[in-house]
Amino acid sequence: MIITEFDRKNLDLRDQLADLLRLTWPEEYGTNATKEVDQLMEPDRIAVSALDGDTLIGFVGAIPQYGFTGWELHPLVVESTRRRNQIGTRLVTYIEKEVTSKGGITMYLGTDDLDHGTTLSYDNLFEHTFDKAQAIQNLKSHPYEFYEKLGYQIVGVIPDANGWNRPDIWMAKGLVPRPTT
(Lines give C-alpha, C1' and ligand atoms only; values in the text may rest on other atoms or scores of the structure.)
Protein backbone atom coordinates (compact mmCIF):
# COMPACT_ATOMS: atom_id res chain seq x y z
CA MET A 1 0.00 0.00 0.00
CA ILE A 2 1.18 3.51 -0.78
CA ILE A 3 -0.05 6.91 0.38
CA THR A 4 0.35 9.55 -2.31
CA GLU A 5 -1.16 12.63 -3.87
CA PHE A 6 -4.42 11.70 -5.61
CA ASP A 7 -4.04 11.50 -9.41
CA ARG A 8 -6.80 13.97 -10.28
CA LYS A 9 -6.68 13.13 -14.00
CA ASN A 10 -7.17 9.40 -13.45
CA LEU A 11 -10.86 8.85 -14.25
CA ASP A 12 -10.81 5.28 -12.92
CA LEU A 13 -9.55 6.49 -9.53
CA ARG A 14 -12.18 9.24 -9.49
CA ASP A 15 -14.89 6.61 -10.16
CA GLN A 16 -13.48 4.42 -7.39
CA LEU A 17 -13.62 7.38 -5.00
CA ALA A 18 -17.25 8.07 -5.94
CA ASP A 19 -18.08 4.41 -5.28
CA LEU A 20 -16.24 4.49 -1.94
CA LEU A 21 -18.18 7.58 -0.84
CA ARG A 22 -21.51 6.02 -1.93
CA LEU A 23 -20.81 2.77 -0.11
CA THR A 24 -19.62 4.46 3.07
CA TRP A 25 -22.28 7.19 3.32
CA PRO A 26 -25.22 6.18 1.09
CA GLU A 27 -27.59 8.78 2.56
CA GLU A 28 -25.19 11.66 1.98
CA TYR A 29 -23.61 10.66 -1.35
CA GLY A 30 -25.99 8.14 -2.93
CA THR A 31 -26.76 10.21 -6.02
CA ASN A 32 -24.25 13.05 -5.58
CA ALA A 33 -20.95 11.17 -5.22
CA THR A 34 -19.62 12.16 -8.65
CA LYS A 35 -20.40 15.82 -7.99
CA GLU A 36 -18.67 15.57 -4.59
CA VAL A 37 -15.58 14.05 -6.23
CA ASP A 38 -15.48 16.97 -8.68
CA GLN A 39 -15.50 19.38 -5.72
CA LEU A 40 -12.79 17.38 -3.91
CA MET A 41 -10.57 17.76 -6.99
CA GLU A 42 -10.75 21.57 -7.12
CA PRO A 43 -7.23 22.96 -7.55
CA ASP A 44 -7.03 24.79 -4.20
CA ARG A 45 -7.78 21.59 -2.27
CA ILE A 46 -5.44 18.82 -1.19
CA ALA A 47 -6.39 15.27 -2.19
CA VAL A 48 -4.52 12.19 -0.95
CA SER A 49 -5.07 8.54 -1.81
CA ALA A 50 -4.20 5.19 -0.26
CA LEU A 51 -3.61 2.69 -3.05
CA ASP A 52 -3.19 -1.06 -3.12
CA GLY A 53 -1.91 -1.51 -6.65
CA ASP A 54 -4.46 0.26 -8.84
CA THR A 55 -7.21 -0.02 -6.25
CA LEU A 56 -8.22 2.96 -4.12
CA ILE A 57 -8.61 1.81 -0.51
CA GLY A 58 -8.64 5.19 1.21
CA PHE A 59 -8.86 8.93 0.66
CA VAL A 60 -8.49 12.15 2.62
CA GLY A 61 -9.07 15.70 1.48
CA ALA A 62 -8.44 19.16 2.89
CA ILE A 63 -10.15 22.45 2.09
CA PRO A 64 -8.39 25.78 2.71
CA GLN A 65 -10.29 28.10 5.01
CA TYR A 66 -9.43 31.42 6.68
CA GLY A 67 -6.98 32.22 3.91
CA PHE A 68 -4.60 29.30 4.20
CA THR A 69 -4.10 29.13 7.98
CA GLY A 70 -7.09 26.95 8.85
CA TRP A 71 -7.96 23.86 6.82
CA GLU A 72 -10.99 21.59 7.00
CA LEU A 73 -10.24 17.87 6.83
CA HIS A 74 -12.96 16.54 4.50
CA PRO A 75 -13.55 13.68 3.97
CA LEU A 76 -11.58 10.80 5.42
CA VAL A 77 -12.76 7.47 4.09
CA VAL A 78 -11.25 3.97 4.18
CA GLU A 79 -12.72 0.91 2.47
CA SER A 80 -14.67 -0.96 5.15
CA THR A 81 -12.71 -4.24 5.05
CA ARG A 82 -9.40 -2.35 5.36
CA ARG A 83 -10.22 -0.29 8.47
CA ARG A 84 -8.22 -0.65 11.69
CA ASN A 85 -5.01 -1.20 9.72
CA GLN A 86 -3.48 2.30 10.24
CA ILE A 87 -4.59 3.48 6.78
CA GLY A 88 -6.65 6.36 8.19
CA THR A 89 -3.82 7.34 10.52
CA ARG A 90 -1.33 7.37 7.65
CA LEU A 91 -3.68 9.41 5.46
CA VAL A 92 -4.25 12.03 8.16
CA THR A 93 -0.53 12.25 8.97
CA TYR A 94 0.28 12.76 5.28
CA ILE A 95 -2.33 15.46 4.75
CA GLU A 96 -1.32 17.32 7.92
CA LYS A 97 2.22 17.61 6.50
CA GLU A 98 0.84 18.87 3.19
CA VAL A 99 -1.33 21.46 4.94
CA THR A 100 1.62 22.64 7.03
CA SER A 101 3.75 23.02 3.89
CA LYS A 102 1.10 25.38 2.51
CA GLY A 103 1.12 27.60 5.61
CA GLY A 104 -1.64 25.85 7.54
CA ILE A 105 -1.47 26.09 11.31
CA THR A 106 -4.83 24.55 12.30
CA MET A 107 -6.76 21.57 10.96
CA TYR A 108 -10.40 21.07 11.92
CA LEU A 109 -13.19 18.67 11.07
CA GLY A 110 -16.79 17.87 11.80
CA THR A 111 -17.69 14.33 12.75
CA ASP A 112 -21.43 13.78 12.67
CA ASP A 113 -23.26 11.71 15.25
CA LEU A 114 -25.98 10.36 12.99
CA ASP A 115 -26.84 7.11 14.79
CA HIS A 116 -26.62 7.93 18.51
CA GLY A 117 -22.97 6.91 18.66
CA THR A 118 -22.19 9.26 21.55
CA THR A 119 -23.90 10.57 24.65
CA LEU A 120 -24.21 13.95 22.89
CA SER A 121 -27.13 12.64 20.85
CA TYR A 122 -29.24 11.94 23.94
CA ASP A 123 -29.58 15.41 25.37
CA ASN A 124 -30.45 19.01 24.57
CA LEU A 125 -27.08 20.45 23.64
CA PHE A 126 -28.37 24.00 23.83
CA GLU A 127 -28.12 23.66 27.61
CA HIS A 128 -24.71 23.29 29.30
CA THR A 129 -23.12 22.61 25.91
CA PHE A 130 -19.48 22.57 26.96
CA ASP A 131 -20.10 20.50 30.09
CA LYS A 132 -21.78 17.85 27.94
CA ALA A 133 -19.03 17.95 25.32
CA GLN A 134 -16.41 17.52 28.03
CA ALA A 135 -18.28 14.52 29.46
CA ILE A 136 -18.82 12.81 26.07
CA GLN A 137 -18.86 9.02 26.02
CA ASN A 138 -18.53 6.77 23.01
CA LEU A 139 -21.45 4.35 22.69
CA LYS A 140 -20.95 2.80 19.22
CA SER A 141 -17.33 3.18 18.05
CA HIS A 142 -17.90 6.79 16.98
CA PRO A 143 -14.81 8.12 15.16
CA TYR A 144 -14.21 11.06 17.51
CA GLU A 145 -11.93 8.79 19.57
CA PHE A 146 -9.87 7.96 16.47
CA TYR A 147 -9.24 11.66 15.96
CA GLU A 148 -8.43 12.18 19.65
CA LYS A 149 -5.67 9.55 19.33
CA LEU A 150 -4.22 11.69 16.52
CA GLY A 151 -4.16 14.80 18.71
CA TYR A 152 -7.49 16.40 17.79
CA GLN A 153 -9.74 17.72 20.52
CA ILE A 154 -13.40 18.60 20.66
CA VAL A 155 -13.76 22.37 20.29
CA GLY A 156 -17.52 22.56 19.93
CA VAL A 157 -20.74 20.97 18.79
CA ILE A 158 -23.58 22.04 16.55
CA PRO A 159 -26.76 20.75 18.20
CA ASP A 160 -29.28 19.04 15.91
CA ALA A 161 -27.18 19.92 12.82
CA ASN A 162 -28.28 16.74 11.06
CA GLY A 163 -31.79 16.56 12.53
CA TRP A 164 -33.17 16.12 16.02
CA ASN A 165 -30.56 14.62 18.37
CA ARG A 166 -28.03 14.29 15.55
CA PRO A 167 -25.24 16.76 16.40
CA ASP A 168 -22.08 17.59 14.53
CA ILE A 169 -19.01 17.31 16.74
CA TRP A 170 -16.28 19.82 15.85
CA MET A 171 -12.66 18.88 16.46
CA ALA A 172 -9.40 20.72 15.81
CA LYS A 173 -5.64 20.32 16.09
CA GLY A 174 -2.79 22.79 16.05
CA LEU A 175 -0.30 21.67 13.40
CA VAL A 176 2.66 23.86 14.36
CA PRO A 177 3.96 25.02 17.73
CA ARG A 178 2.43 28.25 19.00
CA PRO A 179 4.87 31.15 19.08
CA THR A 180 5.94 32.31 22.51
CA THR A 181 5.35 35.93 23.43
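Engineer: Whenever I open this one, the sheet that holds strand E1 (residues 2-5) confuses me. Can you help?
Structural biologist: Hydrogen bonds along the backbone pair up the strands of a sheet, which may run parallel or antiparallel. As summarised here, the arrangement of the seven strands in space is E1-E2-E3-E4-E5-E7-E6, forming an open sheet in which the pairing is mixed. A strand with exactly one partner marks an edge of an open sheet, and here the two such strands are E1 and strand E6 (153-158). Going from strand to strand, the sheet's axes swing by 25° on average, the running direction of each strand aside. Direction of pairing for strand E4 (residues 70-78) relative to strand E5 (residues 106-112): parallel, over a ladder of three bridges. Bridge pairing in E5 links Glu 72 to Tyr 108.

Engineer: Explain the layout of surface pockets here, please?
Structural biologist: The rolling of a water-molecule-sized probe over the atoms marks out the regions of remaining empty space. Of the volumes computed, that of the largest pocket is approximately 1,400 Å³. Surrounding the largest pocket, 39 residues form its lining, Trp 25, Leu 76, Thr 111, Pro 143 and Tyr 147 being those nearest its centre. Listed by contribution, the elements that provide at least two residues to the lining of the largest pocket are helix H2 (26-29), E4, helix H4 (87-101), E5, helix H6 (144-149) and strand E7 (168-174). With seven residues, E4 is the single largest residue contributor to the lining of the largest pocket. Taken together, the residues of the lining of the largest pocket break down into 16 nonpolar, 12 polar and 11 charged.

Conventions we followed
Residues numbered from 1 in each chain as written. Predicted model: local features only at pLDDT ≥ 70, side-chain atom pairs only at ≥ 80, totals over all residues. Heavy atoms only, no water. Pairing = 2+ DSSP bridges. Helix = DSSP H or I, 4+ residues; strand = E, 2+ residues; numbered from the N terminus. Axes fitted to C-alpha atoms, helices over the stretch in contact; angles between N-to-C directions. 1 Å grid on protein atoms, 1.4 Å probe; cavity = no way out; pocket = protein on both sides within 12 Å on 5 of 7 lines; lining within 4 Å. Points joined across faces, edges and corners; volume = space filled by probe spheres on them. Nonpolar A, V, L, I, M, F, W, Y, C, P; charged D, E, K, R; others polar.

Note that every value here comes from positions in space, so none of it alone points to a role or purpose.
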